[in-house]
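# Fold and geometry: a report
Here's the letter readout for the chains.
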Amino acid sequence: MDQILVGLEQILQLQNILLMIVGLIVGIVIGAIPGLNVPLAVALALPFTFSLPPLAGISMLIGIYKGGTYGGSISAILLNVPGTPAAAATAIDGNALARQGKAGKALKLSIYASVFGELVSDIVLIVAAAQVSRFALKFGPPEFFALGLFALTIIGLISGTGLVRGIIAGALGFLLSMVGIDPVEGGARMTFDIYELSGGLKFIALIIGAFAISEALVQVEKSARPGTKLKVLEISPHKADNNVSKAEFMQVLPAMLRGTPLGVAIGAIPGLGSSIAAFLSYGLAKKLSKTPEEFGKGSLEGVAAAESANNAVTGSTLIPLLTLGIPGDVITAIMLGALTVHGIVPGPTLFQQQGDFVSALFICMLIVTFLHFFVAMLGLPLFIRAVRIPRGILFPLVIVLCVTGAFVATSSIFDTMVMLGFGVLGYLMVKFGFPIAPMLIGFILGPLVEMSLRQSLIISGNSLDIFFTRPVSATLLTLTLIIIITVGWQRFKELKQNEN
Amino acid sequence: MREINKNIWSGGVLLGLCVVLIIQIPGQVGTTTDDSLSPAFLPMLVTALIAVMSVFLIVQGVLTKDIATATPVKQTFAEIGYVGLCILVMIIYVGILKWVGFIVATFAVIVVLALLYGNRNWLQILITAMVAPPAIMLFFRYTMLVLLPEGTLFN
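Quantities reported herein were computed from a predicted structural model and do not represent experimental measurements.

### Remarks on the overall build of chain B
- On a plain count of helices and strands, chain B comes out with five helices and two strands.
- Secondary structure elements of chain B, listed N to C terminal, follow the sequence β-α-α-β-α-α-α.
- Looking at the 155 residues of chain B, the share that counts as buried comes to 42%.
- Taking all contacts inside chain B whose residues are at least 6 apart in sequence as the whole, residues at least 24 apart take part in 65%.
- Surface summary for chain B: the accessible area is close to 8,400 Å², and the carbon and sulfur share equals 73%.

So, in C-alpha cells, the structure goes:
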C-alpha cells in the first residue's frame, strides 16, 4: 500500500502527465501515417527521454506505444492502408464502414475497443507481474540461459517471412552484440582495430537505423515510380453515422470480451505480437457471430474484435520484460534500452529493489489508458489530417530527426555513421525478405545468453549437466527443442507441398 | 527491370561474409585465460550457424524457385538510383554536420531530400527547411540542454 502511495506521488506530476499526453498524440499521429510505425516512433523518441527523469521518459514512451498501436486504425479505416501491421484486420470492416459514410462510427468504435482492451491488459499486468517476478527470483545463470535461448528461438522462428531467414536475422543480432569488450575476460573482440568499436555497437544506432532509416529508404523508392494518390474518405455530417449507439455497443461487447483475453495471452508470449492477436480475434468473432455474412462488408463486430485484441497486447507484453528482463517484441526491446539507460534493470529483482518505480509504472499504464480515451476523442479531427501530410515533407524531417537523435544520444559522428550503416542493412533486409525484429531481439538477448552460458559453465566446471539437472532450465531447453522440431517439420511439409 | 532470386543472392553474400569472419575471428579476439569457454567460441558458433543457414537459403533458391520465399526482387535502375542518392545525401549530411553547422546543413538536406521524395511544392519545401532546423536546435538546447553543432566554417 505504501508503495502504491509513493508511486502515485511520483507519477502524478504535471511533467509526467504532459509527457503522457505528448506521447499519446505523437504515437497516434505516427501510427496513423502510412509508412511510419510504432517502433519507429518509439525509436525516434528514445533520445529525447535521455535527459528526462526515468519515470517521465518511460511515461512518454508508454504514451507513444499505446497511442501508436491505436493510431494505425485511423488510416486503416479512412484510407484502407493500415498505419501499423496490426491494424490490417481493422481495415477489412473499418474501411467498408467508411465507404458507407460511417467513418466516424468506425473510428469511435475503434477508440472504445482499444481503450477497453488496454484497460483489461493493464489490470492483468498489475496482478500477474508480481507473481511471475516472485517465481523468477529463483532463477540462476542456467535458467536465464535457457530462457534467453527459448525467447530467441521463438522470435526467430515465428516472426518474419521464413524459418531460415528468422534464424539468420536473430543470429546476426547476436553476432553484432558481441562486438566490443569481452564481458568475462575483458579483451577486445571483433573490433577490427577500430578504436570506436571497443565500446561495442550502440543499441540506439541499431534501433534508429534499422527501423527509421530503412523505412525512409523503402519510401524513397516510391518516388521513382509514378505513384497513385491515396484517397482519404470524408466524415459524414449525419450524427447517426458518427456515433456508436448503446444497442450497437452491446452488440459488439461479446466480441471485445473474447478478443481482449486473447490479446492479453498473446502479448505475454514473446515473439507473437499484436498482428496475430488482431487476426485471431477477428477470425474468432466471425466464427461465433450471429451475422458472419456481414464480416468484410462493414461489420462493427469485426472492428471491435480486431481493435480490442490489438490493443490488449500493450500491457501484457510488459510482463516478460519487467519480470524476466526478456522483451517480447521490438517496442518492449526499445523500452528495455530506455530503462537500462536510466539505470533501471528489468528482471526479477526490479520488484524488490525498485518497487516504488514499478508501482508508479503500473499507475502510469492506467493513467495513459484513461488519457488515451480523451485524447483520441478530442483530437480525432486533428489525427485525420495527419494522414494527409505529404511524404516529401515527412520523410526529410524523419531523416533529420534520426540523425539528430543518434548524434545527441551517442555524441559521436562515428556512431551516427554506424546508425546510417544499420539503416542500409535494415533496408537490404527488408528488400531480401529478412525480418528486422529478430535481429534487434538477438542484439538485446545476446549478452544475457552469453553471460549466463559462460557463468553456468564456470559454476559447473565446464559440465553441461547444469542445464539438464535443474527443472526450469531443463523444461525450457526441452520446449525450445520441441518448438524447433515442430516448426522445422511444418516448414518442411510446406516445402514438399509447394514442390508437388 | 532487373530480377534477382533473393534466396540465392542473400545466401551467397551471407556465406561469403561468414567465410571472411570465420577466417578473421581468431585474430580478432583477445584471450587471457584458457579455462572455460573461449571469448571466440560464441562468435564462431553464431557465424557458423549463419553460414549453414545461408547454404539452406542457396539450396532453397536453386531447388524451389516458385515458392513465396524465393520470389525474385524486382528493382528498376531508377529505384536503385534514388536509394543510392538518398544514402549519399545522408552520409554527406552527417559528414559536414560539425563543419557547416546544424542549421545550414539541415536546411540544405531538407531541400535536397524533399526533392528526392518527389515534392515539387517550393513554398512548402522552403518553409519547412527554414522553420524546422532552428526549431529542432532550440528544442534540443532549451528542453534537453544539448547543444547541436554550430559549425566552424563561418567562424
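### With respect to the overall build of chain A
- Secondary structure summary: chain A contains 22 helices and two strands in total.
- Relative to the compact-globule value of 23 Å for 500 residues, chain A shows a C-alpha radius of gyration of 22 Å, a close match.
- Principal-axis analysis of the C-alpha atoms places the extent of chain A at approximately 75 × 65 × 50 Å.
- By residue count, 62% of the 500 residues in chain A fall in the buried class.

### What about the nonpolar core?
- Ranked by internal contacts, the top residues of the largest apolar core, which has 197 residues, are M419, M439 and L440 of chain A together with I50 and C86 of chain B.
- No other element matches the 17 residues that helix α17 (residues 355–386) of chain A contributes to this core.
- Each of domain 1 (2–75) and domain 2 (77–143) of chain B gives at least three residues to this core.
- The contacts of I50 of chain B, once residues within four sequence positions are left out, are I168, A171, L172 and L175 of chain A together with L14 and C18 of chain B.
- Listed in part, the eight residues of the second largest apolar core include A255, Y282, F295 and A306 of chain A.

### Examining the environment of M429 of chain A
All names here are of chain A.
- The topology assignment puts M429 in helix α19 (residues 413–431).
- In sequence terms M429 and G355 are 74 residues apart; their C-alpha atoms lie 40 Å from each other.
- Once you skip the residues sitting within four places of it in the chain, M429 turns out to touch A169, F434, P435, I436 and M439.

### Quick notes on the packing of helix α8 (residues 163–177) of chain A against helix α2 (residues 41–63) of chain B
- Their axes nearest at 9 Å, the elements α8 of chain A and α2 of chain B cross at an angle of 155°. Considering their axes alone, α8 of chain A and α2 of chain B lie roughly antiparallel with respect to each other. The chirality of how α8 of chain A crosses α2 of chain B is left-handed. Here V164, R165, I167, I168, A171, L172, F174 and L175 of chain A of α8 of chain A lie close against α2 of chain B, whose contacting residues are L42, P43, V46, T47, L49, I50, M53, S54, F56, L57 and Q60 of chain B.

### Considerations on the side chain of H372 of chain A
- Looking at the secondary structure, you find H372 of chain A in helix α17.
- Sequence-distant contacts of H372 of chain A, that is, excluding residues within four places in its chain, are made with L24, K66, Y70, S114, V115 and E118 of chain A.

### Brief notes about the packing of helix α6 (residues 103–136) of chain A against helix α11 (residues 246–268) of chain A
Residue and element names in this part refer to chain A.
- As a packed pair, α6 and α11 sit with axes 10 Å apart at the nearest point and diverge in direction by 40°. It follows from the interaxial angle that α6 and α11 lie oblique. As α6 packs across α11, the resulting crossing turns out to be right-handed. Contacts between α6 and α11 involve K105, L109, Y112, A113, F116, G117, V120, S121 and V124 from the former and E248, F249, V252, M256, L257, T260 and V264 from the latter.
- Its residues assigned to classes, the contact of α6 with α11 shows 11 nonpolar, three polar and two charged.

### As for the interface of chain B and chain A
- Of the residues lining the interface, 70 residues belong to chain B; the matching set on chain A comes to 64 residues.
- For chain B, the biggest contributors to the area lost against chain A are Q28, V94 and Y117 of chain B; these three give 14% of the whole.
- The interface formed by chain B and chain A holds three residue pairs in polar contact (both at pLDDT 80 or more) in total.
- Here the side of chain B that touches chain A gets 13 residues from one element, more than from any other, and that element is helix α3 (residues 77–100) of chain B.
- Among the residues forming the side of chain B that touches chain A, the class breakdown is 44 nonpolar, 23 polar and three charged.

### A look at the pattern of salt bridges
Residue and element names in this part refer to chain A.
- This model, assessed by the stated rule, comprises 11 salt bridges over all chains.
- When the shortest N-O distance is used, the salt bridge between R470 and E143 registers 2.8 Å. In this pair, R470 sits in the loop between α21 (465–468) and α22 (471–499) while E143 sits in helix α7 (residues 141–158), placing the two residues 327 residues apart along the sequence.
- Across the salt bridge formed by R189 and E450, the nearest N and O atoms sit 2.7 Å from each other. In this pair, R189 sits in strand β2 (residues 188–189) while E450 sits in helix α20 (residues 437–460), placing the two residues 261 residues apart along the sequence.

### A closer look at the confidence of the model for chain B
- Averaged over every residue, the pLDDT of chain B is 85; residues scoring 70 or more account for 85%.
- Looking at the elements of chain B, mean pLDDT is at its lowest for strand β2 (residues 72–75) of chain B, recorded as 62, and at its highest for helix α4 (residues 102–116) of chain B, recorded as 95.

### Some remarks on the packing of aromatic side chains
- Applying the stated rule across the entire model yields 12 aromatic pairs over all chains.
- Aromatic pair F48 of chain A and F139 of chain B: ring centres 5.4 Å apart, planes at 65°, arrangement edge-to-face. With F48 of chain A in helix α3 (residues 38–49) and F139 of chain B in helix α5 (residues 122–143), this pair bridges two chains.
- Put simply, the rings of Y112, F249, F373 and F374 of chain A pair up and form one aromatic cluster.
- Between the NZ or CZ atom of R165 of chain A and the centre of the ring of F434 of chain A, over which it lies, the distance is 5.0 Å.

### Considerations on the state of the cysteines
- Applying the stated rule across the entire model yields zero disulfides over all chains.
- Take C86 of chain B: it sits in no disulfide, and the sulfur closest to it among the cysteines is that of C402 of chain A, at 11 Å.
- Take C86 of chain B: its relative accessible area is 0%, and that puts it in the buried class.

### Structural notes on a nonpolar patch on the surface
- On the surface, a nonpolar cluster with roughly 720 Å² of combined accessible area is contributed by I8, W9, V13, L17, V55, V59, V62 and L63 of chain B.
- When contributions to the nonpolar patch are tallied by element, the ones reaching two or more residues are α1 (6–28) and α2 of chain B.

### Some details on empty space enclosed by the protein
Residue and element names in this part refer to chain A.
- Scanning the entire structure with this criterion turns up one cavity of 30 Å³ or more.
- Quantified by volume, the largest cavity comes out at close to 40 Å³.
- In this structure, the largest cavity is lined by I58, I62, L318, L321, L322, M335, L339 and L361.
- A per-element tally of the lining of the largest cavity places helix α14 (residues 318–324) first, with three residues.
- Class assignment of the residues belonging to the lining of the largest cavity gives a composition of eight nonpolar, no polar and no charged.

Scoring rules and cut-offs
- Residues numbered from 1 in each chain as written.
- Chains lettered and ligands numbered in written order.
- Predicted model: local features only at pLDDT ≥ 70, side-chain atom pairs only at ≥ 80, totals over all residues.
- Heavy atoms only, no water.
- Helix = DSSP H or I, 4+ residues; strand = E, 2+ residues; numbered from the N terminus.
- Buried < 20%, exposed > 50% of the residue type's maximum accessible area, 1.4 Å probe, protein only.
- Contact = heavy atoms within 4.5 Å.
- Areas by Shrake-Rupley, 256 points an atom, 1.4 Å probe, with all protein chains shown as cover.
- Rg over C-alpha atoms; globule rule 2.2 N^0.38 Å.
- Core = buried A, V, L, I, M, F, W, Y, C linked by side-chain atoms within 4.5 Å.
- Domains from an automatic or database assignment.
- Axes fitted to C-alpha atoms, helices over the stretch in contact; angles between N-to-C directions.
- Parallel < 35°, antiparallel > 145°, perpendicular 65-115°, else oblique.
- Left-handed = near helix turned anticlockwise from the far one by under 90°.
- Nonpolar A, V, L, I, M, F, W, Y, C, P; charged D, E, K, R; others polar.
- Buried area = accessible area lost by both parts, 1.4 Å probe.
- Polar contact = N/O pair within 3.5 Å; in protein donor to acceptor, adjacent residues only side chain to side chain.
- Salt bridge = Lys/Arg side-chain N within 4 Å of Asp/Glu carboxyl O.
- pLDDT = per-residue confidence, 0-100.
- Phe/Tyr/Trp six-rings, centres within 6.5 Å; stacked < 30°, edge-to-face > 60°.
- Lys NZ or Arg CZ within 6 Å of the ring centre and 35° of its normal.
- Disulfide = S-S within 2.5 Å.
- Patch = residues over 30% accessible without salt bridge, like charges linked within 9 Å, V, L, I, M, F, W, Y side chains within 5 Å.
- 1 Å grid on protein atoms, 1.4 Å probe; cavity = no way out; pocket = protein on both sides within 12 Å on 5 of 7 lines; lining within 4 Å.
- Points joined across faces, edges and corners; volume = space filled by probe spheres on them.

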